[in-house]
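# Coordinate inspection notes
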Amino acid sequence: MSNGLNPEQQEAVQTLSGPLLVLAGAGSGKTRVVTFRIANLIKHGTAPDRILAVTFTNKAAREMRERIAHMSGKKTKSHRPGKPDGGPVVGTFHSNCVQILRRHAKRLGYPDKFAIYDRSDQESVARDVLRQLRVHSGMMKPGDFLSHISRWKNAGVRWQQAGELAKTDVEHVAASGYRRYQQAIKLVGAVDFDDLLLLTEELFREHEDIRLKESGLYDHILVDEYQDTNQSQYSIIEQLAKGHRNLCVVGDDDQSIYGWRGAEVQHILNFKNDWPEAKVVRLEANYRSSGAILDFANRLIAFNKVRHDKVLRAARGAGKPPRILQFKTELDEARGTVDEIARILDTRARQPGDFAILFRTNEQPRVFEMELRRAKVPYSLVGSQSFFDRKEVRDLLAYLRIVDNSKDEVSLLRIINTPQRGIGEKTIENLLAAAVNRGIPMWEMMEDPALISTLPEPAKQGVARIQSLVDRLKAMLADEKSSMADVMRQLISSVDYMGYIDRTYPSPEEAQARKDSLEEVVNAIAEYETENRDPNLSDFLDEVTLSGKEFGSPKEKQTQQNAVALMTYHSAKGLEFPIVYMVGMEEGILPHRRSISDNVDDVEEERRLCYVGVTRAQDELTMSLPLTRKKWGKQRDTFASRFLYELTGQADNPNRMKSIQGVRKEIKQGEAAAKRAKTKAGTAGTAGGKKASPKRGS
DNA sequence: CTGATTGACGTTTTT
DNA sequence: CGTCAATCAG
C-alpha cells in the first residue's frame, strides 16, 4: 500500500463512480480517505473544479482545502464555482447555498443584495413580532419562538401551513408569529440561516432550468458528516447529484448530535434505499485512541438502541486507563484540572495545544477560564461569546451593512441612535409605523420630506446626519483609491465611536478593551482585502455572518494556535487531542436535564454526545464531576452521570439508578416550583392589592 | 432623551 | 448569585 491506507480505506478511495456510503467510525481516518479520494478522482482525469465537497463547518472546509492543496499542489477556492482558478470547490452547505442564491435570488422574489440574518438579528425581529402580538415573555421568549420557526423550516413547512399543524396554544401563537416574522424579513430583503437551505431547495424544486444549470457544474459530490443532514440539505444534495449519481457520503450514525437542529439519522441509515446501487464501505479500525479509551467508547455506545451495529477496533495498544475523578465543588474541579495541566506543562512533556477541556453547556467553562488565566496557561475558548458578538463590533458591522444594503432594518435600528444623535424611541416608533404602513423599508421612509417635517428638531438633524454619513461612506467605497479599511476608519471617526466608548464605559480598562476590538475589526477587513482577489463589502459581510467566529484578529489567532482548547462537545466533533478532560459529568448536564423527563428519558443523543467526547482523546482521558455545584446562590448536591456507570461496565450498579431517580426528582421539584410561581403570579394579578401592602412597609 | 435603579428569573447544543 | 429587561427620575 503505497499511501499507507488499509484495505477498507483503499476501497473507499478507489471507488470512483456511482453512489458510495462510507460508514466511518470515530478516528478511522475519515478525513484522509476523503482527501485521498478527491486526489484520486483528479488523478484519473476529473477536472478539479468539477468536484464539490460539502463540509459541516467552516473549519472543516478550511482544513480540507489545506490538505488538498498540500497533496496536489493545486489551490482550492472556498465557494466560488465557475471562476477559473482551478481546485475542487470546498465549502459548507450554507456557504454553497449563499452562492447559488446570489445567482438566482430574483427568481424567488428576493433582491440581489439580500442580507443574511444571524441568530442575534433574528432575535431582534422576533422580539418585535412578539411585541406586536402582545405575547408576554412568560409565555414565549424570542429564543423559544425562533426554535419553533426553525423546526418548521427544517421540516419544509412554510408559514402558510404552520397554522394547520399547530396544536397547543403556544404553537398557534408561534404560527401566527411565523407569518409576521417571515413577511418582516422578506420585506427588508433578508434571509435567515434556515432560509438559505429552504430557499435553495425551493429554487431547485420549482425551477428545473436552474437545477440543471447548478447541478451541471459538478461531476462528483462528496458530503462529510452526512449523519447531520436535515431535510433541506438532504433534498439539495439529491437534486444536485441525481444526474450523474456520483455521490459519496461519509458519516457515523453514532456521532449524530444535531437532531435538535433537524438532522435525521435516517438519511444515513436509509442511504441504500435511496441509492440502491450504492456501495457501502465500513471503516471500523480506529487509529486515534488507545485501546483503553476505545473500550470506554464501545461499552457506552452499545446502550443506544437505534444504530448501525459496529465496534471500533483499536489499532493502537491499550495505553493508560482513563480516570474518573470527583471533586468537592465545581471550583475545585476547575482548579484540580488546571493545576494538573500546568504541572504537565512544566515538565515540558506536552504543549498547551495538546489539551482539551470539553463540556456540555456554554456556561460551564467560566470557572475554568478563570483558573487558566490565574495559572497563566494559554487557552482558547471556542464558540460562545465570539469576537463578532461584542456590542461594538456588531455596531460597526451594522453600519457597514447599511452602507452595503440600506434596506437592512435590523442593522438600521441598531445604529440609528448609536452613538446617540437625538433620535429617540418615540421618533423611531413613528418612523417604523409609517414605514410599515406604506410597506416600504424604513430607510426610504427616512427620505420622505413630508414625514421628516413632523419630527422634533434634534431628530431631524440626527436623521440628516446619518443619511449624509452613509452617502459619504458609499461614495468612498465606490472610489477605487480608498480601501474598505479606510472606509471603516472614516466611519469610526465620523461618528466619534471612541468618544462614545469613553462615555459609556467609565472603567479605563474596559474602554481600552473595546477600542482594541474596533482596531481588530479594521484589521480583519484589511486582512480580508489582502487575501481575496476580488474583495467587496457584501462578500466580506457574508463571510463574517457565516463564519464569524473564525475571523479573529491575527494576534488572537496566534495565541490560539498553541493553547488549551475549551469547547463544547458539539464544537469538538471532528477534532482530536492527546489529552482530554470531560468535566461536569453529572446527571442534568450530560445527559442534559432537558432530555430527562418523569419516567421516559430520551437520552440517546446525549449518549452520542458523550461518545463523541470520549473518542476525541488520543492518549489520556479524564472524566470528572463536582459533588456539589452552586446554583441560584446555593451549593447543591449533584448526581453522577449514568454514562459514567455505563462506560465502566457498571450499568447494574444500584447507584446508577439512584442517580437517575435523584435527578428526576430534582427536575420534578423544579417544575412544581415553577408552576407555583406561575399561579402565584396569576393570582397576584387579580388579588394584587392584598399582598402588595406588607412589602412596601419596609 | 438619557442614565440609573429595581425587580424578575433562571432548563442546551450551532450553521 | 448574576443577568437583563422594564421602569423611573433627571
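Reading guide: rules and limits
- Residues numbered from 1 in each chain as written.
- Chains lettered and ligands numbered in written order.
- Predicted model: local features only at pLDDT ≥ 70, side-chain atom pairs only at ≥ 80, totals over all residues.
- Heavy atoms only, no water.
- Buried < 20%, exposed > 50% of the residue type's maximum accessible area, 1.4 Å probe, protein only.
- Helix = DSSP H or I, 4+ residues; strand = E, 2+ residues; numbered from the N terminus.
- Pairing = 2+ DSSP bridges.
- 1 Å grid on protein atoms, 1.4 Å probe; cavity = no way out; pocket = protein on both sides within 12 Å on 5 of 7 lines; lining within 4 Å.
- Points joined across faces, edges and corners; volume = space filled by probe spheres on them.
- Nonpolar A, V, L, I, M, F, W, Y, C, P; charged D, E, K, R; others polar.
- Domains from an automatic or database assignment.
- Salt bridge = Lys/Arg side-chain N within 4 Å of Asp/Glu carboxyl O.
- Axes fitted to C-alpha atoms, helices over the stretch in contact; angles between N-to-C directions.
- Contact = heavy atoms within 4.5 Å.
- Parallel < 35°, antiparallel > 145°, perpendicular 65-115°, else oblique.
- Left-handed = near helix turned anticlockwise from the far one by under 90°.
- Buried area = accessible area lost by both parts, 1.4 Å probe.
- Polar contact = N/O pair within 3.5 Å; in protein donor to acceptor, adjacent residues only side chain to side chain.
- Phe/Tyr/Trp six-rings, centres within 6.5 Å; stacked < 30°, edge-to-face > 60°.

Now for the pairing of strand 16 (residues 617–626). Burial analysis of strand 16 places 9 of its 10 residues in the buried class, which makes it a mostly covered element. Where strand 11 (residues 323–327) lies against strand 16, 5 bridges are found, and the strand directions are parallel. What sits directly across from Gln-326, in strand 16, is Leu-625.

Let's shift gears to the layout of surface pockets. One number sums up the size of the second largest pocket: a volume of about 1100 Å³. Lining the second largest pocket are 32 residues, and of these Asp-128, Arg-131, Glu-409, Leu-413 and Leu-432 lie nearest its centre. Listing elements by their share of the lining of the second largest pocket, those giving two or more residues are helix 5 (119–132), helix 8 (169–187), helix 18 (409–415) and helix 19 (425–438). Per-element accounting of the lining of the second largest pocket gives the leading share, 9 residues, to helix 5. Residues that form the lining of the second largest pocket fall into these classes: 15 nonpolar, 7 polar and 10 charged. Both domain 2 (115–188) and domain 4 (387–550) contribute no fewer than three residues apiece to the lining of the second largest pocket.

In this section: the pattern of salt bridges. Scanning the entire structure with this criterion turns up 51 salt bridges. Between Asp-619 and Arg-350 there is a salt bridge; the shortest N-O distance is 3.2 Å. Taken together, the positions of Asp-619 in strand 16 and Arg-350 in the loop between helix 15 (330–346) and strand 12 (355–359) put the pair 269 residues apart, joining distant regions of the chain.

Ordered by their spatial adjacency, 6 strands build an open sheet running 11-16-15-12-14-13, and the pairing between neighbours is parallel. Of all the strands in the sheet, just strand 11 and strand 13 (379–381) have a single pairing partner and so form its edges. When strand polarity is set aside, the average angle formed by the axes of neighbouring strands in this sheet is 20 degrees. Bridging between strand 15 (residues 577–582) and strand 16 involves 5 bridges; their strand directions are parallel. Within the sheet, the bridge partner assigned to Met-582 lies in strand 16 and is Met-623. Across the sheet, helix 15 lies against strand 11, strand 12, strand 14 (564–568), strand 15 and strand 16, angled at about 165 degrees from strand 12, the strand it touches most.

Here we come to the packing of helix 17 (residues 391–404) against helix 26 (residues 537–547). Where helix 17 meets helix 26, the closest approach of the two axes is 10 Å, and the angle between their N-to-C directions is 140 degrees. Regarding the angle of helix 17 to helix 26, the classification is oblique. Helix 17 and helix 26 meet at a crossing whose hand is left-handed. Contacts from Leu-397, Leu-400, Arg-401, Val-403 and Asp-404 in helix 17 reach Leu-537, Ser-538, Phe-540, Leu-541 and Val-544 in helix 26. In terms of residue class, the contact of helix 17 with helix 26 is made up of 7 nonpolar, 1 polar and 2 charged.

This paragraph deals with empty space enclosed by the protein. According to the stated counting rule, one finds 4 cavities of 30 Å³ or more in the structure shown. Roughly 100 Å³ of volume is contained in the largest cavity. Lining the largest cavity are 14 residues, with Leu-52, Asn-96, Cys-97, Ile-100 and Leu-240 sitting closest to its centre. Listed by contribution, the elements that provide at least two residues to the lining of the largest cavity are strand 2 (51–55), helix 4 (93–104) and helix 11 (231–241). Here the lining of the largest cavity takes 6 residues from helix 4, the largest share from any one element.

Moving on, we come to the environment of Met-488. Mapped onto the secondary structure, Met-488 falls in helix 23 (residues 484–494). Since its relative accessible area comes to 0%, Met-488 is described here as buried. Separated by 150 residues in the primary sequence, Met-488 and Thr-638 have C-alpha atoms spaced 50 Å apart. Not counting residues up to four positions away in its chain, the partners in contact with Met-488 are Leu-396, Leu-400, Val-521, Val-522 and Ile-525.

For strand 14, a buried count of 5 out of 5 residues is recorded, marking the element as mostly surrounded by other parts of the structure. Of the two faces of strand 14, the one holding Val-564, Leu-566 and Thr-568 and the one holding Ala-565 and Met-567 are both buried throughout. As judged from the 4 bridges shared by strand 12 and strand 14, these two strands associate in the parallel manner. Counterpart to Ile-357 in the pairing with strand 14 is Leu-566. Bridge analysis of strand 13 against strand 14 gives 3 bridges, and the strand direction is parallel. Each bridged residue has a counterpart across the sheet, and for Ser-380 the counterpart in strand 14 is Ala-565.

The next thing to look at is the domain arrangement of chain A. Domains assigned within chain A are domain 1 (7–104 + 197–283), domain 2 (115–188), domain 3 (313–384 + 556–692) and domain 4 (387–550). The gap between the C-alpha centroids of domain 1 and domain 2 is 31 Å. The interface is formed by 11 residues belonging to domain 1 together with 5 residues belonging to domain 2. Summing both partners gives a buried area of about 610 Å² for domain 1 against domain 2, and 47% of it is carried by carbon and sulfur. For domain 1, the biggest contributors to the area lost against domain 2 are Arg-102, Leu-198 and Gln-231; these three give 51% of the whole. One salt bridge in this structure joins Arg-158 and Glu-202, with 2.7 Å as the shortest N-O distance. Put simply, domain 1 and domain 2 have 3 residue pairs in polar contact (both at pLDDT 80 or more) between them. Counting residues per element, the side of domain 1 that touches domain 2 draws most heavily on helix 9 (residues 193–206), at 4 residues.

Our next topic: the packing of aromatic side chains. By the definition in use, this model includes 8 aromatic pairs. Taken together, a centroid distance of 5.5 Å and an interplanar angle of 40 degrees make the contact between Tyr-258 and Trp-260 tilted. With relative accessibility at 9%, the residue Tyr-258 sits in the buried group. The exposed category is assigned to Trp-260, whose relative accessible area is 55%. A centroid spacing of 5.1 Å and a plane angle of 70 degrees characterise the contact between Tyr-497 and Tyr-500, whose relative ring orientation is edge-to-face. Taken together, the residues span about one helical turn, with Tyr-497 and Tyr-500 both in helix 24 (residues 497–504) at a distance of 3 residues. Residue classification places Tyr-497 among the buried positions, given a relative accessible area of 1%. Three or more aromatic residues joined by ring pairs make a cluster, and in this case those are Phe-56, Tyr-258 and Trp-260.

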